[in-house]
Amino acid sequence: MPLCVYNTLTRRKEPFETVERGKVGMYVCGPTVYKPSHVGHMVGPVIFDTVKRYLTYAGYRVTFVVNITDVDDKLIAEAARQNTTVAELAERVTADYQQNLKKLGVTGIDHMPRATQYIGEIIGMIRGLIENGHAYPSDGDVYFDVSKDPDYGKLCNRDPAQLEAGARIEVSDRKRNPGDFALWKSAKPGEPQWASPWGPGRPGWHIECSAMSMKLLGKTLDIHGGGLDLQFPHHENELAQSESYTGVPFARYWMHNGLMKIGAGKMSKSLGNEVVVSELLRVHHPETLRFFLLTTHYRRPIDYGEDRLEEIRRGLDGFYRFFERFQRITKEDFYKLQAPTARGSFAVTGVHAEFLTDVSRYRETFLVYMDDDFNTGGAVGVLYDLLTTLNRFADSQELEKASANPAALQDFRRGALVLKELSQTLGIFSEPVAAGPASSDELTAGLMQLLIDMRAEARMSKNFALADQIRQRLSKLNITLEDRPGATDWRVG
């Protein structure tokens, strides 16, 4: 099955074919940086970072761009409220956004352009739209004339009249048509401004993305991504002005991710129901949050809830316990395994053919899910199935015993290597999660060993009530004891 991608423009899945063979240019709309990032802002970056990882694994060279809108009405208003400058506010909030991306393993962004760095390109594009009759100046503003674009509304599959009726249109007596949108806004006193042929002012929201994306990726993008809420007016207007300017398709595939929901509505700054990422990460490990965002197909909404995050954390604990078990069995660190980074075949050659056949089948199923419009939800389910198969094989072959069969150990390692290969395409399990002894200081580790030794002595003297009390009290502190032959381990969770 070839890689297929759902295209919002055509409303169907299409075989993935790029403008230039073997290369992908991907642009994703980033935030307007006027308030700290909430968890909904992480959905798109995590999803499209995973898309890049998988495309790279499949052999493509991917250039991934996420923009920053650092001048906007909301920024101006918030800066005034905080008694600071737009530039200072934008810098501070951008730093918060970038820090959160790093914590969540979003490492694939190649360019993060800011609108204020591309004023020259924006003015040049506006001038071109005026010259070809698709835009007009009006008292210091410049507007795109939607009546001059015969297929305006094709991304939303609605005609301009329907779009105007269903959306909040910026009212201005400077417009020719109600649906016309601003390319350039004349400056008001105290606002950031730049010189232009139409007078001092600043760019409109939509023109920024067209100018930045085409400067970095060319006239036709392979993938243009963003949240579903950007389909109209932002992406519709981007498409209209870009194709009116160049005369060629703006993007081959439009990918829209579902929104983060909290209760019955979407999570947003304007609604005041956002969960700030930096605060959330004080409670949950970043890998828990990334895994949570990938357990749903990207086009579907994501229901935020603490219960769901706790469920994800418990599920991840099964993988972390396996990584500890893998180290006990093989004396190797799972996180340091050098798994394939390019897609290839898996040969079912080994003594335990039935086990390796199962591993191969799960690997293929994972790839089928990912080839089907990057279905990470289905792919995550396969990882759990593979984990169960690996544990069952370790049990059946008694691999934790010193007398374990070397051939079984070798086949087990091959199976674990597949788990590493697949998980790294999702950007998970790349480094140890801070939990248990690995993250505790010497005092905590020493105290835990003291309690484990006291429990062992209580059991030897048949004081089972004390031994059970130690385990139960630790359990209330979210610490789990795991008894194995000859030793007891502990872990948080």
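What counts, and where the lines are drawn
Residues numbered from 1 in each chain as written. Predicted model: local features only at pLDDT ≥ 70, side-chain atom pairs only at ≥ 80, totals over all residues. Heavy atoms only, no water. Phe/Tyr/Trp six-rings, centres within 6.5 Å; stacked < 30°, edge-to-face > 60°. Helix = DSSP H or I, 4+ residues; strand = E, 2+ residues; numbered from the N terminus. Buried < 20%, exposed > 50% of the residue type's maximum accessible area, 1.4 Å probe, protein only. Lys NZ or Arg CZ within 6 Å of the ring centre and 35° of its normal. Pairing = 2+ DSSP bridges. Axes fitted to C-alpha atoms, helices over the stretch in contact; angles between N-to-C directions. Contact = heavy atoms within 4.5 Å.

Caption draft 1: Quick peek at the packing of aromatic side chains. In this structure the tally under the stated criterion is 25 aromatic pairs. Taking 6.4 Å as the distance between ring centres and 65° as the angle between the ring planes, the aromatic pair formed by Phe291 and Phe319 counts as edge-to-face. Highlighted residues: Phe291 in helix 9 (residues 286-294) and Phe319 in helix 10 (residues 306-330), separated in sequence by 28 residues. Judged on exposure class, the residue Phe291 and its partner Phe319 are both buried. An aromatic cluster of three or more residues is present, and its members are Phe291, Phe319, Tyr320, Phe322, Phe323, Phe326, Phe334, Tyr335, Tyr384, Phe412 and Phe429. One cation-aromatic arrangement involves Arg176 over Tyr136; the distance from NZ or CZ to the ring centre is 4.0 Å. The ring of Tyr362 has Arg361 sitting right over it, with the charged end atom 4.8 Å from the ring centre.

Caption draft 2: Representation of the sheet that holds strand 12 (residues 265-266). The strand order 12-11-13 describes an open sheet built from three strands, whose pairing is mixed. Each edge of the open sheet is held by one strand with a lone partner, namely strand 12 and strand 13 (302-303). With two bridges connecting them, strand 11 (residues 260-262) and strand 13 associate as parallel partners. Each residue of the ladder has a partner; that of Met260, found in strand 13, is Ile302.

Caption draft 3: Seen up close, the sheet that holds strand 4 (residues 61-66). Reading across the sheet, the four strands line up as 4-3-9-10 and stay open at both edges, with parallel pairing between neighbours. Only two strands of the sheet have a single neighbouring strand rather than two, namely strand 4 and strand 10 (251-257). For this sheet the average axis-to-axis angle between neighbouring strands, irrespective of direction, equals 20°. Where strand 9 (residues 221-227) and strand 10 come together, six bridges link them in parallel fashion. Each residue of the ladder has a partner; that of Gly226, found in strand 10, is His256. Lying over the sheet, helix 7 (residues 231-246) contacts strand 3 (23-28), strand 9 and strand 10, oriented at roughly 160° with respect to strand 9.

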